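Residue-level listing of the chains:
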Amino acid sequence: PNNHDSTWVKVLPVTDLELDKTVDKTEIKVGDVVTYTFTVTNNGPSDATGVKETDKNIINHEFVSASSEDYNPSTGVWTIGDLANGESVTLTVTVRINEAGTFTNTAVVSGDQDDNDTSNNNASSDDVVVTEEPEEPEEPEEVSVLPKAGNPLFILIISLMVLTGAMFVRKE
């Protein structure tokens, strides 16, 4: 007699993608640049495919540069692709902030596989506080009723006054 039965079980790959995000400055003036650093790590246990990091907030600022050609500044998506178990990759994005305010910046990482810990798939940098450049107080213009000493007309007038005055001096 045949007393056994067989069942096929397909084990799907599972990953744990983790995102860390920082910013190099938290207090700047309008028109200054800041650099955001994104680090994506695959904590496994499987290799990850289709990995991408998305930051929709960063596209509201003027793009300056990115450390990877796989970053799209118009969408805020960094297409990473494959990420082996235990592997980490880093991206830096520099932007110019052209308006005053407090800016919170949050990003998310995702991949093709199920993620067994989604609590570390989102990351926010510290808030960036952007202030207006204080206006320089205007120096009041000097107003004088006398011409300035370096003025040729002034020199001519003084010279004529000295010469004509010398002619009217009495000798005793």
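Residues numbered from 1 in each chain as written. Predicted model: local features only at pLDDT ≥ 70, side-chain atom pairs only at ≥ 80, totals over all residues. Heavy atoms only, no water.

**Student:** Sorry, what's going on with the sheet that holds strand β14 (residues 128-131) here?
**Tutor:** Sheets are built from strands paired through backbone hydrogen bonds, the pairs being either parallel or antiparallel. Taking strand neighbours across the sheet as the criterion, the 3 strands line up as β3-β14-β10 in an open arrangement whose pairing is mixed. The sheet terminates laterally at β3 (27-29) and β10 (101-103), the two strands that pair on one side only. Strand-to-strand twist of the sheet, defined as the mean angle between neighbouring strand axes without regard to direction, takes the value 25 degrees. Two elements, β3 and β14, share 3 bridges in a ladder whose sense is parallel. By the bridge assignment, Glu27 is partnered in β14 with Val129. (Pairing = 2+ DSSP bridges. Helix = DSSP H or I, 4+ residues; strand = E, 2+ residues; numbered from the N terminus. Axes fitted to C-alpha atoms, helices over the stretch in contact; angles between N-to-C directions.)

**Student:** Can you help me understand the sheet that holds strand β9 (residues 88-96) in this one?
**Tutor:** Reading across from one edge, β2-β4-β9-β6 is the order of the 4 strands in this open sheet, with antiparallel pairing throughout. Pairing within the sheet leaves two strands with one partner each, and these edge strands are β2 (17-23) and β6 (62-66). On average, each strand axis in the sheet is inclined to that of its neighbour by 25 degrees, with strand direction left out of account. Of the strand pairs in this sheet, β2 and strand β4 (residues 33-42) are connected by 7 bridges, and their pairing is antiparallel. Paired with Glu18 across the strands is Thr41, a residue of β4.

**Student:** Please clarify how the pattern of salt bridges should be interpreted in this entry.
**Tutor:** Close approach of charged atoms allows side chains with opposite charge to pair. For the structure shown, the criterion picks out 2 salt bridges. Between Lys21 and Asp55 there is a salt bridge; the shortest N-O distance is 2.6 Å. A residue pair is termed long-range when its members are at least 10 positions apart, and Lys21 in strand β2 and Asp55 in the loop between β5 (48-54) and β6 qualify at 34 residues. Accessibility expressed as a relative area gives 0% for Asp55, which makes it buried. (Salt bridge = Lys/Arg side-chain N within 4 Å of Asp/Glu carboxyl O. Buried < 20%, exposed > 50% of the residue type's maximum accessible area, 1.4 Å probe, protein only.)

**Student:** Any chance you could explain the nonpolar core here in plain terms?
**Tutor:** Soluble, globular proteins show a tendency: their nonpolar side chains are buried together. Among the nonpolar cores identified, the biggest contains 25 residues, and Val34, Tyr36, Phe38, Val40, Val51, Ile97 and Val128 are the most heavily contacted of them. Top contributing element to this core by residue count: β4, with 4 residues. Those residues within four positions of Phe38 in sequence are excluded, and the remaining contacts are Leu19, Asp20, Lys21, Glu53, Asp55, Ile58, Trp78, Val89, Thr90, Leu91, Val93 and Ala107. (Core = buried A, V, L, I, M, F, W, Y, C linked by side-chain atoms within 4.5 Å. Contact = heavy atoms within 4.5 Å.)

**Student:** Can you walk me through the packing of aromatic side chains in this structure?
**Tutor:** Geometry of an aromatic ring pair is reported as the spacing of the ring centres plus the angle between the planes. Taken as a whole and assessed by the stated rule, the structure comprises 1 aromatic pair. For the cation-ring pair, Lys21 lies above Tyr36, with the distance from its terminal atom to the ring centre recorded as 4.9 Å. (Phe/Tyr/Trp six-rings, centres within 6.5 Å; stacked < 30°, edge-to-face > 60°. Lys NZ or Arg CZ within 6 Å of the ring centre and 35° of its normal.)

**Student:** Could you clarify how one ought to interpret the pairing of β4 in this entry?
**Tutor:** Successive side chains on a regular strand alternate, one facing one side of the sheet and the next facing the other. Bridge analysis of β4 against β9 gives 9 bridges, and the strand direction is antiparallel. Considered in β9, the bridge of Thr39 is made with Thr90.

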